[in-house]
Amino acid sequence: MKLIFLYGPPASGKYTIAKVLAEKLGYKLFHNHLTVDLAKGVFDYGTKAFWELVHKTRLDIFEKAAKENISGMIFTYVYEKDNDDSFVKQALEKINSNGGEIIFIQIYCNKKTLLKRVKEDSRKQFQKVKTEEGLLEMLSHGDLFSEIPFVENNIIDNTNLTVEKTVQKVLTLIK
């Protein structure tokens, strides 16, 4: 299985890019909010129980998909430097130990663009942050712009790119 691990700050365009990629490649789309919204239905956001459920569910899905030899999956993620290293290492272990491969692609855009995008209607479908204030609050709690330090990162700055041009850049990285 090939796992395309798209990561970056909220409102950088990960989900939009992932949807187009999934259609073009015929890959499964496993986006961040599938597990976040599930856990929020039972546990308060950010609690220990919330994050344990989110991480366990994601890792179980990665492992099962790799074991079942799903051809490809796209995963979207907001990586927080240092805080999320354990999860990323566990994801690598689940995929690699079952014959899979992970390609890490950081989707980045400048803060001004994030603040503009966070208010777009496309964000209303899921329980995503939807206001400038909410985004600024998230950005103030940790480093959401860093590369994952222990993997090979592919970086795309999509500040001035259309979705289609960003998708084309991703496609050149994963082939």
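Residues numbered from 1 in each chain as written. Predicted model: local features only at pLDDT ≥ 70, side-chain atom pairs only at ≥ 80, totals over all residues. Heavy atoms only, no water.

Draft legend 1. View of the packing of helix α3 (residues 48-67) against helix α4 (residues 85-96). Relative to each other, α3 and α4 sit at 20 degrees, their axes nearing to 8 Å. Put simply, α3 runs roughly parallel to α4. Crossing hand, α3 versus α4: right-handed. On α4, the residues that touch His55, Arg58, Leu59, Phe62, Glu63 and Ala66 of α3 are Phe87, Gln90, Ala91, Lys94 and Ile95. (Axes fitted to C-alpha atoms, helices over the stretch in contact; angles between N-to-C directions. Helix = DSSP H or I, 4+ residues; strand = E, 2+ residues; numbered from the N terminus. Parallel < 35°, antiparallel > 145°, perpendicular 65-115°, else oblique. Left-handed = near helix turned anticlockwise from the far one by under 90°. Contact = heavy atoms within 4.5 Å.)

Draft legend 2. Quick peek at the confidence of the model for the chain. The predicted model of the chain has a mean per-residue pLDDT of 92, with 95% of residues at 70 or higher. Within the chain, strand β1 (residues 2-7) carries the highest mean pLDDT (98), whereas helix α6 (residues 132-141) carries the lowest (84). (pLDDT = per-residue confidence, 0-100.)

Draft legend 3. Spotlight on the pattern of salt bridges. This model, assessed by the stated rule, comprises six salt bridges. Between Lys24 and Glu164 there is a salt bridge, with the nearest N and O atoms lying 3.4 Å from each other. Linking Lys24 in helix α1 (residues 14-25) with Glu164 in helix α7 (residues 163-174), this pair joins segments that are 140 residues apart in sequence. (Salt bridge = Lys/Arg side-chain N within 4 Å of Asp/Glu carboxyl O.)

Draft legend 4. The nonpolar core, seen in detail. Counting residues in each nonpolar core, the largest one holds 22 residues, and the members touching the most others are Leu3, Phe5, Phe62, Val88 and Phe104. Within the residue set of this core, elements represented by two or more residues are β1, α3, β3 (72-77), α4 and β4 (101-108). If sequence neighbours within four positions are ignored, Leu3 has contacts with Phe62, Met73, Phe75, Ile95, Glu101, Ile102 and Ile103. Listed in part, the 16 residues of the second largest apolar core include Leu6, Leu21, Ala22 and Ile103. (Core = buried A, V, L, I, M, F, W, Y, C linked by side-chain atoms within 4.5 Å. Buried < 20%, exposed > 50% of the residue type's maximum accessible area, 1.4 Å probe, protein only.)

Draft legend 5. Region of interest: the sheet that holds β4. With respect to topology, five strands assemble into an open sheet ordered β2-β3-β1-β4-β5, the strand pairing being parallel. Looking at strand neighbours, the two that pair on one side only are β2 (28-30) and β5 (153-157), the edges of this open sheet. In this sheet, neighbouring strand axes are inclined to one another by 20 degrees on average, regardless of whether the strands run parallel or antiparallel. One ladder, built from three bridges, connects β2 with β3; its direction is parallel. Across the sheet, the residue bridging to Phe30 is Phe75, located in β3. Sheet strands in contact with α3 are β1, β2 and β3, and its direction is about 160 degrees off that of β3. (Pairing = 2+ DSSP bridges.)

Draft legend 6. Broad picture of α1. For α1, which comprises 12 residues, the first-to-last C-alpha distance of 16 Å matches the rise-based estimate of 16 Å (1.5 Å per residue) to within 8%. Taken together, the buried positions of α1 are occupied by Lys14, Tyr15, Ile17, Ala18, Leu21 and Ala22. Considered in projection along α1, the buried side chains sweep an arc of 155 degrees and stay on one side of the axis. Close packing links the buried residues of α1 with β1, β2, β3, β4 and α7. Once α1 ends, the next one or two residues include Gly26, with phi positive near 75 degrees. (Expected span 1.5 Å × (residues − 1). Arc of directions from axis to C-beta.)

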